[in-house]
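Structural overview for review
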Protein chains: 4
Amino acid sequence: MNSRSSWRTSLYTIIFGHTTRAGRTFDLILIGAILISVAAVMLDSVTAIRDRWGPILYAAEWAFTILFTIEYLLRLACHPKPWRYAISFFGIVELLSILPTYLSIILPSSRYLLIIRILRVLRVYRILKLVQYMGEADRLIVALRESRRKISIFFLAVVSLAVILGSGMYMVEGPSNGFTSIPRSVYWAIVTLTTVGYGDVTPHTPWGQALASLVMILGYAIIAVPTSIVTVELTKAHGMSSQRPSCGSCNRAGHAPDARYCKHCGESLGP
Amino acid sequence: MNSRSSWRTSLYTIIFGHTTRAGRTFDLILIGAILISVAAVMLDSVTAIRDRWGPILYAAEWAFTILFTIEYLLRLACHPKPWRYAISFFGIVELLSILPTYLSIILPSSRYLLIIRILRVLRVYRILKLVQYMGEADRLIVALRESRRKISIFFLAVVSLAVILGSGMYMVEGPSNGFTSIPRSVYWAIVTLTTVGYGDVTPHTPWGQALASLVMILGYAIIAVPTSIVTVELTKAHGMSSQRPSCGSCNRAGHAPDARYCKHCGESLGP
Amino acid sequence: MNSRSSWRTSLYTIIFGHTTRAGRTFDLILIGAILISVAAVMLDSVTAIRDRWGPILYAAEWAFTILFTIEYLLRLACHPKPWRYAISFFGIVELLSILPTYLSIILPSSRYLLIIRILRVLRVYRILKLVQYMGEADRLIVALRESRRKISIFFLAVVSLAVILGSGMYMVEGPSNGFTSIPRSVYWAIVTLTTVGYGDVTPHTPWGQALASLVMILGYAIIAVPTSIVTVELTKAHGMSSQRPSCGSCNRAGHAPDARYCKHCGESLGP
Amino acid sequence: MNSRSSWRTSLYTIIFGHTTRAGRTFDLILIGAILISVAAVMLDSVTAIRDRWGPILYAAEWAFTILFTIEYLLRLACHPKPWRYAISFFGIVELLSILPTYLSIILPSSRYLLIIRILRVLRVYRILKLVQYMGEADRLIVALRESRRKISIFFLAVVSLAVILGSGMYMVEGPSNGFTSIPRSVYWAIVTLTTVGYGDVTPHTPWGQALASLVMILGYAIIAVPTSIVTVELTKAHGMSSQRPSCGSCNRAGHAPDARYCKHCGESLGP
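Everything in this summary refers to the structure shown in the same document. (Residues numbered from 1 in each chain as written. Chains lettered and ligands numbered in written order. Predicted model: local features only at pLDDT ≥ 70, side-chain atom pairs only at ≥ 80, totals over all residues. Heavy atoms only, no water.)

1. Overview of the overall build of chain A
Filter applied, for reference: Going along the chain from the N terminus, every DSSP run of H or I of four or more residues is numbered as a helix, and every run of E of two or more is numbered as a strand. Type-normalised accessible area, obtained with a 1.4 Å probe on protein chains alone, sets the label of each residue: buried when under 20%, exposed when over 50%, and partly exposed for intermediate values. Note on definitions: a residue-residue contact is assigned when non-hydrogen atoms from the two residues lie within 4.5 Å. All accessibility values rest on the Shrake-Rupley procedure with a 1.4 Å probe; residue burial counts only the protein chains present in the view.
The helix and strand tally for chain A stands at 13 helices and 0 strands. Secondary structure elements in chain A, listed N-terminal to C-terminal, are α-α-α-α-α-α-α-α-α-α-α-α-α. Per-residue burial over chain A gives 51% buried out of 271 residues. For chain A, contacts bridging at least 24 residues in sequence account for 56% of all contacts bridging at least 6. On chain A, roughly 13000 Å² of surface is accessible, and the fraction owed to carbon and sulfur atoms is 67%.

Below, the structure is given as structure tokens:
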């Protein structure tokens, strides 16, 4: 029983861990397999490639599915709480990356199963998680989480601006110039505000072009807002992590680099 | 009389307030109604949907108009100064969001009334005001207000640059290549400077493409200006609101918002 | 003689000054005249408007030219050093804004004289100069001047990147897909790197689209560079102007807000 | 032997150095020659120019090749370790900038040799290296090197987002609307996320336009991330290089680069 437990522990270290040599090798092989299988799904959608390499891609798809199925079962087997793993974010992503191939036996092959297969690419983020431990992405995530609310308000503002400006453009240009409905005009307003500018819907009348110019300049101005929000938050996140160690007396952190006394209890912070 | 006053007060708390449970529920229901009614107006402009669901959308429009009319009258009834409410920004927006439907009985239904109906979406900003009390959007608004002047000067510069570059392009490319007039060339210059790039007017001659390349690189460079202005103002807004008064003992400033003791001399900073 | 001098002085105060009431009124009228005359030149280039309002626009052009000629002569008359004014930047711009109309009597009316007339718009910057005295645009100009060198190096890098990537695309896509020559491919690379994206030249082959994707992501990344340069310079420009007054002992400035002793000579800076 | 060594030394100073007058003159002439030869290669690809000026461009190409060959041999001759120079980055670039012309005698003239000729433009970076010594570009390079990892993670995220969003769009719009395969849809997603927006592939169905709007707003938001990363790193790079060591008397840091006395205790900071 103890030996079985140690077998599970060492398997767990390899499959879930990132610190041992075996664990890193496993990670690298897995990432390679994921990227190749995603590439295979993508190439399979190109008619010319499918016509020529169809059977090989089909075989590869099954090979990867069986490989990922074995991996999924091993993860379930060695995890201390299999059910908790199964309902975790990555547990579900891993189940979804093998299910579509099995379903394609029963159901007629459908385009809609493709997107589920493509979700495999999310599995690569296991390694991003690894990177996170290295403290590289940490501050960026903190900064984005901190600015979440402000950015939500900002995008609410952008969307309602797009609704008003799009409706105005619908009135100015009208259906005869390609602005066939308000939703389409709102789509135009978003294309313009975000400075994407496809050019599939463009103003043709002088007043429409004047209003469009205003929308473009507005879009150019408001791109400054999310950028400055994230910059300020990232600066704060950096400031916090570059601070002094916590106070030896009251054990609280957050001291500035030039602080000599604990700002919470007034004790000397030492050299 | 007193009971009527208390009835008005409690209604006021529900309709205008955001702190009580009833007030929040009212806010949420109102936002739902606004968003659905705006969506109805937008969908009504799509020919295919209008042909099929026209009567239902017409009924919905009247239902929402009556609902908003009742709400408007209640707001007038419970506000301590009804006239002041009526001429406030949101008072006018709320009146404008119900008027067009009543006007459509007298006047022939016009596309131009649509934009007024769409302005309803502005009413959602009542909740943004609520958010503002939560101090989230506050600093952003301060930063934008502070940088208002600089951004105005900046956009005056962008527009006059667009006029000069557009006229230059009109000379270089000429009417035969789509640059039919100076206003249209200025429109092209704005499309290019803001990096929108529809592609409805593009340079065809080598010299035109060289001038256009210069315009693009300029546009790429000057996008840095509003971004840096807002970033600096936002940093200042953060700095100001997070700064404590200077130490009473050593008179030095620069204390973090959570500091209780002076980081320079170790004295208590007071409450 | 003295009275004539005082007449010149008071005229100088009105025409060149921005501080007196009369000077400001003159500024506002002049800006109005400049903007209307620029609008007239722009509208004159629209065929439909020219056909209908041609004679009126022609008359307006002559009226503004005579007005600006009188103003130019008055400026020469009241300036203490007329020749120095005549060869200054604004002196030349003002001469160029009246010359083309007179030249059009002798020479056949040419499209190429238009751009010179349009340069009138630069005269509006006299008021920007006024704004500069108000200290609003000052720091922005300092920040841009400070980052001038870094931005030049940056754009040298962008242009040489565009040359290499454009040539690569010329090889990958070739003349049959619209990349008819290297200069045109470099134009495409600039359109793509700056995220303008007209769509007049687009990749058609899979390898071309892959290379284009790389170019787009590169362009997306390098837009960060000028933005961060200007932000840092603007932060520095702000920091400098928010500093303490200069030392009373050695008269040198540049002290941080929390400095108690002059960093140059060690004297106390006072409260 | 000693005279030959001194001849090599003085040649080395002229060819590789940037400090002497002769060295700077050589640099300027070389940059002129590089830019003209790159322009010649570019113009040679334009059919109209080739037809007319073909022989002159051919002669210029040979003249520059011989000039660069002499320069390359001189560099080899005067470098203290010729082999080390030959395998250095610029050594290889310089060899590659002369080889294609010689190869074109043996091999049939090929479009693929063009890109190698164009790489000559990289030689201009010798002068950028010079600029680097002037300390202008230094901090920018430090900031970009520091943010290398974060930007890599960021672009991994952008690419996997493009894969998922592109696949989703392939499902929503389908081959009949121009989204013929997943790779092409991923290309569309990158065009949209980076706000380039060619318009060669655009959504036609309402759901497709809704998803595209989401992609655009996402792209608009995430452009904030690289900008803020580089800004923060550049601020740090500035801070680090402008910081003095801490005071020897009170042991406190944070002194400005021009400080001669400690701003905290007034003691001299030393040379």
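Still to come is the rest of the account.
2. Re the pattern of salt bridges
Applicable threshold: One speaks of a salt bridge when a side-chain nitrogen belonging to Lys or Arg is within 4 Å of a carboxyl oxygen belonging to Asp or Glu.
The full count for this structure, using the stated rule, is 22 salt bridges over all chains. Between Arg50 of chain B and Asp44 of chain B there is a salt bridge, with its nearest N and O atoms 3.6 Å apart. You can call Arg50 of chain B partly exposed: its relative accessible area is 45%. Residue class for Asp44 of chain B comes out buried when judged on its relative accessible area of 18%. The salt bridge partner of Arg120 of chain D is Glu61 of chain D, with a shortest N-O separation of 2.9 Å.

3. Description of the packing of helix α12 (residues 206-222) of chain A against helix α10 (residues 148-173) of chain B
We apply this condition: Only the stretch in contact is used when a helix axis is fitted, and all axes are lines through C-alpha atoms; the angle between N-to-C directions ranges over 0 to 180 degrees. Convention used here: angles under 35 degrees read as roughly parallel, angles over 145 as roughly antiparallel, angles from 65 to 115 as roughly perpendicular, and any remaining angle as oblique. Handedness of a crossing follows from how the near helix is turned relative to the far one, being left-handed for an anticlockwise turn of less than a right angle and right-handed for a clockwise one. Each residue gets one label: Ala, Val, Leu, Ile, Met, Phe, Trp, Tyr, Cys and Pro are nonpolar, Asp, Glu, Lys and Arg are charged, and the others, such as Gly, are polar.
Contact geometry of α12 of chain A with α10 of chain B gives a least axis separation of 12 Å together with a crossing angle of 135°. On the basis of the axis angle, α12 of chain A is oblique to α10 of chain B. Of the two possible hands of crossing, α12 of chain A and α10 of chain B adopt the one that is right-handed. Facing Ile217, Tyr220 and Ala221 of chain A of α12 of chain A, the residues of α10 of chain B in contact are Phe154, Phe155 and Val159 of chain B. Its residues placed into classes, the contact of α12 of chain A with α10 of chain B shows 6 nonpolar, no polar and no charged.

4. Some details on a nonpolar patch on the surface
Worth spelling out the cut-off: Candidates for patches are residues over 30% relative accessible area with no salt bridge; among them, like charges are joined within 9 Å and nonpolar side chains (Val, Leu, Ile, Met, Phe, Trp, Tyr) within 5 Å.
A contiguous nonpolar patch, built from Ile92, Leu95, Leu96, Leu99, Leu103, Ile105, Ile106 and Leu107 of chain A and spanning about 680 Å² of accessible area, is present on the exposed surface. Among the structural elements, Ile106 of chain A can be located in helix α6 (residues 99-106).

5. A word on the environment of Leu74 of chain A
Residues and elements named next belong to chain A. Positionally, Leu74 belongs in helix α3 (residues 47-78). The class of Leu74 is partly exposed, set by a relative accessible area of 34%. Each C-alpha atom of the pair Leu74 and Thr227 lies 44 Å from the other, and the pair is 153 residues apart in sequence.

6. Description of helix α2 (residues 21-44) of chain B
What counts here: In this analysis, the expected span of each helix is defined as 1.5 Å times one less than the number of residues it contains.
A rise of 1.5 Å per residue sets the reference length of α2 of chain B, with its 24 residues, at 34 Å; its end C-alpha atoms lie 35 Å apart and thus fit the reference within 8%. Listed as buried for α2 of chain B are Gly23, Asp27, Leu30, Ile31, Ala33, Ile34, Ser37, Val38, Ala40, Val41, Met42 and Asp44 of chain B.

7. A look at the side chain of Glu61 of chain C
Following the sequence through the fold, Glu61 of chain C ends up in helix α3 (residues 47-78). Setting aside chain neighbours within four positions, we find Glu61 of chain C in contact with Val41, Thr101, Arg117 and Arg120 of chain C.

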